[in-house]
Amino acid sequence: MAIVSLKALQKIYPNGFQAVHGADIEIADGEFIVLVGPSGCGKSTLLRMIAGLEEITSGDLIIGDKQVNDLDPADRDIAMVFQNYALYPHMTVYNNMAYGLRNRKNSKESIEKSVREAARLLNLEEHLDRRPSQLSGGQRQRVAMGRAIVREPALFLFDEPLSNLDAKLRNQMRIEIRKLQRQLGTTSVYVTHDQVEAMTMADRIVVLNGGNIEQIGTPDEIYHRPASVFVATFMGAPAMNLMEGKVATGGIEIDGIGLLKSDHKLDASSNVSVGVRPEKVKLTTKANGITQPFVHDFTEELGAARLVHGRLGDKPFVINLHQEDEVPTGDLYATISPDMLHLFDTATGKRLS
Amino acid sequence: MTVTDTFSTPPAVTAVKVKKRFRVKRETLIDHLILVLGALFMLFPVVLTFMTSSYDNLAFAKSGLQFGWSDQFFENYERAMFETSGFTGAIDGVSMLTNSLILGFGFAIGKIVISMMAAYAIVYFRFRFATLSFWIIFTTLLLPLEVRILPSYEVVQGLGLGNTYTGLIVPLIASATGTFFFRQFFRSVPEELVEAARIDGAGPVKFFIDILVPLSKTMIAALFIIMFVYGWNQYLWPTLITTDEGMFTLVRGIKNIIQSFTDSSSVPEFTVGFALTTITMLPPVLIVIFFQSWFVKGLTESDK
Ligand SMILES: Nc1ncnc2c1ncn2[C@@H]1O[C@H](COP(=O)(O)OP(=O)(O)OP(=O)(O)O)[C@@H](O)[C@H]1O
Ligand SMILES: [Mg+2]
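To keep things clear, this report deals only with the structure shown in the data block. Treat the numbers as computed from the prediction; the structure is a model and nothing was measured. (Residues numbered from 1 in each chain as written. Chains lettered and ligands numbered in written order. Predicted model: local features only at pLDDT ≥ 70, side-chain atom pairs only at ≥ 80, totals over all residues. Heavy atoms only, no water.)

As a further point, take the overall build of chain A. A count of helical and extended segments in chain A gives 8 helices and 20 strands. Seen through its C-alpha atoms, chain A measures out along the principal axes to roughly 75 × 45 × 35 Å. When each of the 353 residues of chain A is scored for burial, the buried share is 51%. Taking as baseline every contact in chain A between residues at least 6 positions apart, the subset at least 24 positions apart corresponds to 63%. Accessible surface, chain A: about 15,900 Å² in total, of which carbon and sulfur atoms supply 49%. Charge separation in chain A, taken as the distance between the mean sites of 39 positive and 45 negative side-chain charges, equals 5 Å. (Helix = DSSP H or I, 4+ residues; strand = E, 2+ residues; numbered from the N terminus. Buried < 20%, exposed > 50% of the residue type's maximum accessible area, 1.4 Å probe, protein only. Contact = heavy atoms within 4.5 Å. Areas by Shrake-Rupley, 256 points an atom, 1.4 Å probe, with all protein chains shown as cover. Lys, Arg positive; Asp, Glu negative; His and termini not counted. Charge placed at Lys NZ, Arg CZ, Asp CG, Glu CD.)

Our next topic: the nonpolar core. Counting residues in hydrophobic clusters, the biggest one holds 93 residues, and the most contacted among them are Leu6, Leu46 and Leu157 of chain A together with Phe182, Phe186 and Ile211 of chain B. A total of 10 residues in this core trace back to one element, the largest contributor, which is helix H5 (residues 93–124) of chain B. Excluding its chain neighbours within four sequence positions, the residues that come into contact with Leu6 of chain A are Ala23, Asp24, Ile25, Ile27, Leu46, Ile50, Asp60 and Leu61 of chain A. Counting 44 residues, the second largest nonpolar core, distinct from the first, contains Leu101, Phe156, Met173 and Ile177 of chain A. (Core = buried A, V, L, I, M, F, W, Y, C linked by side-chain atoms within 4.5 Å.)

Bringing the pattern of salt bridges into the picture now. Within this structure, the stated rule accounts for 13 salt bridges over all chains. Salt bridges sharing partners connect three or more residues here, namely Lys11, Arg48 and Glu54 of chain A together with Glu195 of chain B. (Salt bridge = Lys/Arg side-chain N within 4 Å of Asp/Glu carboxyl O.)

Residue and element names in this part refer to chain A. Packing of helix H2 (residues 93–103) against helix H4 (residues 137–150) leaves a shortest axis separation of 8 Å and a crossing angle of 30°. Classified by the angle between their axes, H2 and H4 sit roughly parallel to one another. Between H2 and H4 lies a crossing whose hand is right-handed. Residues Val93, Asn96, Met97 and Leu101 of H2 lie in contact with H4, whose contacting residues are Val143, Gly146, Arg147 and Val150. (Axes fitted to C-alpha atoms, helices over the stretch in contact; angles between N-to-C directions. Parallel < 35°, antiparallel > 145°, perpendicular 65-115°, else oblique. Left-handed = near helix turned anticlockwise from the far one by under 90°.)

All names here are of chain A. Tyr13, Asn15, Phe17, Ala19, Ser39, Gly40, Cys41, Gly42, Lys43, Ser44, Thr45 and Glu160 make up every residue found near ligand 1. Backbone polar atom of Gly40 to an oxygen atom of ligand 1: 2.8 Å apart, as the coordinates give it. Between ligand 1 and Lys43 there is a distance of 2.8 Å, counted from an oxygen atom to a side-chain nitrogen or oxygen. Compared with its free state, where it exposes 640 Å², ligand 1 has 63% of that area covered by protein. The element that contributes the greatest number of residues to the shell around ligand 1 is helix H1 (residues 43–51), accounting for 3 residues. Split by residue class, the shell around ligand 1 holds 4 nonpolar, 6 polar and 2 charged. (Near = heavy atom within 4 Å. Polar contact = N/O pair within 3.5 Å; in protein donor to acceptor, adjacent residues only side chain to side chain. Nonpolar A, V, L, I, M, F, W, Y, C, P; charged D, E, K, R; others polar.)

Limitation: the analysis is restricted to geometry and does not speak to function.
Below, the structure written as structure tokens:
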């Protein structure tokens, strides 16, 4: 349990590639932070710098009240869970969990006690004498968790721990991990590229893009007030509809579509990108002040919802309808209410207002 | 495999299938015939040696190799093992067997330890010219002992190591092959395992002993078989470096033994020589049999 701060952390690999450009993150005691971003954005690099597996090029890393930049991984009071579990194949489940404690020269009794306790917590008691190769993927993942838990670290680090599991197990383990973390109250940093994992597990999400932090915020903030075009389109499935336009009086003039009503206070004729979430749009057959003609192309059934694909003017546009809402026939109009618009500066990609 | 396939064909078959089945059967038959003949061809001299070693010297002197069984078996083996012989009388079968075992084990274990540690350094430590040093080691494959035998002899004699086990074993154990195999194996061990071990507080030595060595045990077993047999069969180097008869190995000593037996009696004692030859062949065979089962077990448990 500890406060963790990353201060202007940078990583330049020996080949000259800069993978992380100055990351500043303050992590509260017991907080669950999720690093999310597309492949190659530097999530693993950042996590491995915290773990001590990758050297820190510049900046400060503080765990608890100690600057740990130059400490060995074993001395940082952290534990890490890897994507492919990284269990020792020749050791039993018990020894896999006990190995780190033995290296710390803990007494035999205290090791036995912590391992049994962790095994109980993770439902692994019957499997303690097995080898990793005799376990299922989910069980292996639990052993990896157990190995982290027994150390009673100040900080848990996870690098895509669920991506080798099938979808059903993934959902189940997601909930288990989060429950366990709450129970233990250990500060955690969790890397994933799965936005569902990010949204459901995180206290706060850090969205990374090309080695830069795009936004740090609660899942709610990230989703409802994305700080940039990148965050807006990266988080949320189906992705936010995005249109280019110019600020006009009383709204935004969209190229090839027309005026979208908006109560902005922006300078006229500056270039903006307008985003609107697919589920915030309604379909009607009657035009009014805030509708746009919608051309229906096809529909995807998702069970609980349906995705209506079509066009506004000549731009592709997706509407996410609740399962009870039928797609009406006849002339269609998309209702886009002014307070549902996200406005971004086209040049910088940053949120306006 | 093919045999069971033939029999698992369903009984209700069309004429075409019968024909096909017959053909497969004949092929298997021919395959097996070739294999059996080959095996007999390879085994026959060994069997002949073994059988002849049960006859007395007179029978051998009169009618050569024997295909049968006689009553001198235990006596011949006892003489081969325990009768002192040689110019100085300082050597018997037991001490030659001991020397051979020391050479075989020293050679195999030495090679494995050295090449494993070399491969560990090359794969897991970032030092300058790591790749270069690997390739330099690799090119020594082109320089077997036979090529560098004179300088090696000079060095070993110069160090006063002639007629010692150290002089017998050490010059032979630097191994490019072993280093190469271990390097390939270590490179296939997932990177995360090292990282997990680092987080678990295992330093380089601990990681090597606690994790890498147990993971390599099939590799070690395989190399041990090969290297033991290779070391056991060394002839040229032991001949050169051991002049003291007390240091003779079996492979090196058989010839001398037969010579000295020949000198000391009217009938050449060849059948005792055959007994010693049989004894010489035994340990490598036992090592292969013993380690093979271990090796197969290791492979099928699929640890990595
Ligand atoms: N050892 C290295 N040397 C040079 N560049 C590297 C090294 N490791 C990673 N990189 C680069 O750094 C960038 C970030 O890599 P990183 O592994 O952190 O990505 P990631 O966000 O974890 O991606 P993924 O979701 O695919 O795991 C990538 O562009 C990668 O090519
Ligand atoms: Mg990664």
